[in-house]
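Architecture at a glance
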Amino acid sequence: MAMEITQVLLAAQSADGQIRTVAEENLKQFQQHNPPLFIHSLSTELSNEQKPPESRRLAGIILKNSLDAKDVVCREELTQRWVSVDLSIKSQVKESLVQTLGSLVPEARHTSCQVIAKIASIEIPRREWQELIVKLLNNMTQPDSSAPLKQATLEALGYVCEEISPEDLEQEQVNAVLTAVVQGMNQIENNSEVRLAAVKALYNALDFAQANFENETERSFIMKVVCEIAMAKEPEIRQATLECLVSIASTYYGYLEPYMQTLFTLTANAVRRDEEPVALQAIEFWSSICDEEIHIQEESEEYDTGNSPHSNFINQALPMLVPLMLETLVKQEEDQDQEDGVWNLSMAGGTCLGLIARTVGDAIVPLVMPFVESNITKGDWRCREGATFAFGSILEGPSIEKLAPLIHSGLEFLLNVMKDQNSHVKDTTAWTLGRIFEFLHSASSEYSVLTAATLPRVMSVLLESIRDVPNVAEKVCGALYFLVQGYEGEDCSSSILTPYLGDIVTALLSTADRVDTSNPRLRSSAYETLNELVRCSNLRETSNMVMQLLMEIMNRLGKTLELRIVSSDDREEQSDLQALLCGVLQVIIQKLSNSDETSSIINQYADQMMVLFLQVFSCRSSTVHEEAMLAVGALAYATGPQFVKYIQEFYKYLEMGLQNFEEYQVCSISVGVVGDICRALDDKILPYCDGIMSQLLKNLSDPVLHRSVKHPIFSSFGDIALAIGEHFEKYIPYVIPMLQGAADHCSELSPNDDDMQEYGNQLRRGIFEAYSGILQGFKSSKAALMLPHANPLLKFIETVVSDKYRDEEVTKAAVAVLGDLADALGPNTKVLLKDHSFHVDLLGECIQSDNDQLKETAVWTQGMIHRVLVS
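Anyway, here's the lowdown on the structure attached to this text.

**Thoughts on the overall build of the protein**
Broken down by element type, the protein carries 41 helices and zero strands. Viewed in the frame of its principal axes, the protein has a C-alpha envelope of about 85 × 75 × 65 Å. When each of the 871 residues of the protein is scored for burial, the buried share is 54%. Sequence-distant contacts in the protein: of pairs separated by 6 or more residues, those separated by 24 or more amount to 72%. Total accessible area on the protein is roughly 38800 Å²; 49% of this is exposed by carbon and sulfur atoms. Charged side chains of the protein number 68 positive and 122 negative; the gap between the two group centres comes to 3 Å.

Below is the structure:
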């Protein structure tokens, strides 16, 4: 029997904090002491039409949270708890939830849908609750089913499809679900809420419809119904239907050709005449088509197939599609530049135009330039801004040969527009200049748009415009960022940019100090541009400037420690500023340490910098921790063995970083710094290795740790082994099983999931780097320790080499560890390789590679193997 909990649920929503706290504690105790009864009582409350809506709503929310959680470990615990509940109680809970779909209270229906889907996500993959789909479909076919029941049923079907995978349903079930959904969308269904729920359910069910889209008759019927309901009188239904079409465009691109004329007419009408939320989805449809065609082109180029197997929908629609997008560019909002994350018709149209340019290249230019030329000088600011936006949007995609003449003839005009009376126009012009510098400016290119003759005028305008209103100044920072980037690696002893660097630094520092805006983006942009300026500058000419900047940034970082902190906002402000300044110091350290002539500057100021970094760590801010940790890693690399004098004081902060599971980026960066310190100190790191290794092994064993931290940990094992050599022996019994377990895990990752592919490649690279470091560390005295582990390693290399999804970095790491194995084990390798011949083809393939590093590694490995085979 369920317990009566109505009053406790109502009390948990009381305005009186004391009453609320007691009620929440009572619910918590009930859940902990008797989970099955707790779940049963909640479902009973939710399904009881006599209970207050408030208690039913909260019962549903708590019930849903008793089945699901964001945290993976917690979610698994809740799943196991549900699985262990008595079958009779589970049946009663599920039956009451299905009955609640017919409730007169909308919130109860909605919550019940969500809970049904959560239970389905647990049970259907286990081949349980197979009758759910049948029960839901019955609700749709019974003649006496009410509109609210149909609406809730479709909502539940949609949520269930969202929660489970296509392989969890038989094709017959998928067919039945799609039939019910399409019937719900049909014009015969008079209730708009039912039709809206049906459209949303279709959106969630599209991944299940692969076989149906492969069948021309079924596909055409689905598309016919979708196109019809896209013209419904209710804007919410039109919007949801276009969201479906966006998903269809990306999921079933290859089947769209027969419907494209209809879809163009439908989306064009929506863009020109419909409400903005609907029009935005219509534009998104074409952006999705572009994304698909760009992806197909990139894959075709990557695998050198010689042809691009897409349907050229964008090329075919180009004469009509480009004017459609250009029309949107003059529909700006007055305050769009001042708002964060604003998304409107103009911005969506410009984004789509940019994707079209990337898809078709040069063909877009003659279609856009008449619009630019006819609007750029008009009195209406919307026309001027739209023209500039159009031009800036098409700068990625067309060839530099096509665009360079336009830039050369129009650059002076754009520079003059930076004095326009309207800030929207100036904002977009500065953005367009940034795009010009990003895609068309390179000191090594024969078509570079900046020359010794044009640079003075460009710099004059940018340095003046950086003092404009904050949103314009931010775009000018972006333009300067790409301008200096274009001079990176300039192949000459003297850069034409050098005379301007002092003024740029002064302007950026002043911009970072501006107090006329509360938006932190301007300050961030200024410091990020400063970083790029340092990174790309010619050190032979700018070492004095960089040294002065180092002292200025250290001074600024020191002042942040004196800030008065009285609120959490003050603490956040301090943290953000410290993060930016630590970032600049990291770049300066890296720059100065790249040259023997300037590395002494780092040693001169290392003590002062380390004191500052330790003081920043003491602020206990995770954001700063991350940036300061990166800066310390750079300092360790730059100072080498001298870093030993800082390690004792720094170690406690390194340990804190390694233990920071919640902010896994901090943990990952801390692991990387372990490698930096090992490379700097070699065996002087030994006194700290037990603590570091203990924490790293603990991290790997903890299921809570984010997976992205695991491969850097494996790499760090290699760094530690290389640093301490034979002293790594005591860690082998713990490390090798971890490496072998990770190697086995790699074979379990889905090859159809791009994220899993990337993760698998990272993990394999980390494993190989660990083995390489251990083998090199043991080579001189303890190599025999690795003999028992050599065969499993060779088998793992062979498995990885046979995987077509491996990337070049994995291949290089595999080849390197093969060479290290031969180098460390010497003549023993001959016996090991007797049963493995894969290395012959692998090395032959790598020696033919266009990648010089891979080729060089393969040649070295081939030499190592040849040496042991002939010995």
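Structure's up, so let's keep going.
**Digging into the packing of aromatic side chains**
One pass over the structure, following the stated rule, counts 17 aromatic pairs. Both rings, one in F389 and one in W431, keep their centres 5.4 Å apart while their planes meet at 75°; by these two values the pair is edge-to-face. Remark: W431 occurs in helix α22 (residues 423–440) and F389 occurs in helix α20 (residues 381–393); sequence separation between them is 42 residues. Centroid distance Y651 to Y688: 5.2 Å. Interplanar angle 40°. Geometry classified as tilted. Taken together, the positions of Y651 in helix α31 (residues 644–658) and Y688 in helix α33 (residues 686–701) put the pair 37 residues apart, joining distant regions of the chain. Each member of the pair, Y651 as well as Y688, is classed as buried. Aromatic ring contacts, followed pair by pair, group F617, F643, Y646, F650 and Y653 into a single cluster. Taking the ring centre of Y759 as reference, the NZ or CZ of R707 above it sits at 5.2 Å.

**Let's talk about the pattern of salt bridges**
Any two side chains of opposite charge can pair, on the condition that their charged atoms come close. If you walk through the whole model with that rule in mind, you get 35 salt bridges. For the salt bridge of E95 with K135, the shortest nitrogen-to-oxygen distance reads 2.7 Å. Here E95, found in helix α6 (residues 87–100), pairs with K135, found in helix α8 (residues 131–141); they are 40 residues apart in sequence, far enough to count as distant. Given the relative accessible area of 28%, K135 is considered partly exposed. Each of D68, R75, K118 and E163 takes part in salt bridges that share partners, so that together they form one network.

**Considering the packing of helix α10 (residues 171–185) against helix α11 (residues 192–205)**
Across the interface, α10 lies against α11 with an axial gap of 7 Å and an inter-helix angle of 145°. Here α10 runs over α11; the crossing is left-handed. Touching L178, V181, G184 and M185 of α10 are V194, R195, A198, V199, A201, L202 and A205, all from α11.

**A closer look at a negative patch on the surface**
A surface patch of like charges, here negative, comprises E769, E808, E809, D850, D852 and E856. Of all the elements in the fold, those that place two or more residues in the negative patch are α38 (808–825) and α41 (852–869). Here D850 lies in the loop between α40 (838–847) and α41. Its relative accessible area of 76% is what places D850 among the exposed residues.

**Observations regarding α41**
Compared with the 26 Å implied by 1.5 Å per residue over 18 residues, the 26 Å span of α41 between its first and last C-alpha is a close match. Among the residues of α41, L854, T857, A858, T861, M864, I865 and V868 are the ones counted as buried. Angularly, the buried residues of α41 cover 125° about the axis, an arc narrow enough to put them on a single face. Residues D852, E856 and H866 are exposed on α41 and point more than 90 degrees away from its buried face. Of the surrounding elements, those touching the buried residues of α41 are α38, α39 (828–833) and α40. The N-terminus of α41 is capped by N851, whose side-chain oxygen sits 3.0 Å from the backbone nitrogen of Q853.

**Observations regarding the state of the cysteines**
In total, this model carries zero disulfides according to the counting rule given. Unpaired in terms of disulfides, C746 finds its nearest cysteine sulfur in C846, a separation of 19 Å. The buried category is assigned to C746, whose relative accessible area is 4%.

**Observations regarding unusual backbone geometry**
Even without being a glycine, R127 presents a positive backbone phi close to 60°. By secondary structure assignment, the location of R127 is in the loop between α7 (106–123) and α8. For D682, which is not glycine, the phi dihedral falls at a positive 50°. Looking at where D682 falls in the secondary structure, it is placed in the loop between α32 (664–681) and α33. Residue classification places D682 among the partly exposed positions, given a relative accessible area of 43%.

**Quick word on the nonpolar core**
Soluble globular proteins: nonpolar side chains tend toward being buried together. Formed by 302 residues in total, the largest nonpolar core has its most connected members in F613, F650 and F728. Among all residues touching F728, those that are not within four sequence positions of it are M693, F717, I720, A721, V735, I774 and F778.

**So, the environment of V515**
Position of V515 among the secondary structure elements: in the loop between α25 (498–512) and α26 (521–536). For V515, a relative accessible area of 79% gives the class exposed. Residues V515 and K475, spaced 40 residues apart in sequence, show a C-alpha to C-alpha distance of 17 Å.

**A closer look at helix α3 (residues 35–47)**
Over its 13 residues, α3 runs 18 Å from end to end, which matches the ideal 18 Å to within 8%, given 1.5 Å per residue. Of all 13 residues in α3, 10 are buried; the element is thus mostly enclosed. Residues of α3 that are buried include every one of P35, L37, F38, I39, H40, S41, L42, S43, E45 and L46, and no others.

**Remarks on the environment of G672**
In this fold, G672 is placed in helix α32. Taking the C-alpha atoms as reference points, G672 and N851, 179 residues apart in sequence, are found 25 Å from one another.

**Details of the side chain of T241**
Looking at where T241 falls in the secondary structure, it is placed in helix α14 (residues 235–251). Residues in contact with T241, not counting those within four places in the same chain, are V199, V226, I229 and A230.

**Observations concerning the side chain of S103**
If you trace the backbone, S103 turns up in the loop between α6 and α7. Note on S103: relative accessible area 3%, which makes it buried. Here the side chain of S103 touches E49 through a polar contact of 2.6 Å, side chain to side chain. Polar side-chain contacts of S103 include one of 3.0 Å to the backbone nitrogen of V105. Ignoring anything within four residues of it in the chain, the contact list for S103 reads E49, R56, A108 and R109.

Criteria and thresholds
Every chain is numbered on its own, with residues counted from 1 as its sequence reads. The predicted origin of the model limits local features to residues at a pLDDT of at least 70 and limits the giving and counting of side-chain atom pairs to 80 or more, whereas totals for whole chains, interfaces and linings rest on all residues. Computation of side-chain values covers all heavy atoms of the structure but excludes hydrogens and water. Going along the chain from the N terminus, every DSSP run of H or I of four or more residues is numbered as a helix, and every run of E of two or more is numbered as a strand. Here the term buried applies to any residue with accessible area under 20% of the maximum for its type, exposed to any over 50%, and partly exposed to those in between, with areas from a 1.4 Å probe on protein chains only. Any two residues whose heavy atoms approach within 4.5 Å at even a single point are treated as in contact. Residue burial considers only the protein chains on display, and all accessible areas are found by Shrake-Rupley using a 1.4 Å probe. The charge count includes Lys and Arg as positive and Asp and Glu as negative, but it does not include His or the ends of the chains. A single reference atom marks each charge: NZ on Lys, CZ on Arg, CG on Asp, CD on Glu. Planes of paired rings set the category: under 30 degrees apart is stacked, over 60 is edge-to-face and the rest tilted, where pairs are Phe, Tyr or Trp rings (Trp by its six-membered ring) whose centres lie within 6.5 Å. Whether a charge lies above a ring is judged from NZ of Lys or CZ of Arg, which has to be within 6 Å of the ring centre and within 35 degrees of the ring normal. For salt bridges, the criterion is a side-chain nitrogen of Lys or Arg within 4 Å of an Asp or Glu carboxyl oxygen. Each axis is a line fitted through C-alpha atoms, and for a helix only the stretch in contact is used; angles between axes span 0 to 180 degrees, taken between their N-to-C directions. Each crossing gets its handedness from the near helix: less than a right angle anticlockwise from the far helix is left-handed, clockwise is right-handed. Exposure above 30% relative accessible area and no salt bridge define the residues that can form patches, which grow by joining like charges within 9 Å and nonpolar side chains of Val, Leu, Ile, Met, Phe, Trp and Tyr within 5 Å. Expected span of a helix: the number of residues minus one, times 1.5 Å. Our arc is simply the arc of the directions from the helix axis toward the C-beta atoms. Distance and chemistry together define a polar contact, namely a pair of N or O atoms within 3.5 Å, with one atom able to donate a hydrogen and the other to accept it when in protein, and with adjacent residues in sequence counting only for side-chain atoms on both sides. When two cysteine sulfur atoms lie within 2.5 Å, the pair is treated as a disulfide. To define a nonpolar core, start from buried Ala, Val, Leu, Ile, Met, Phe, Trp, Tyr and Cys residues and group those joined through side-chain atoms within 4.5 Å.

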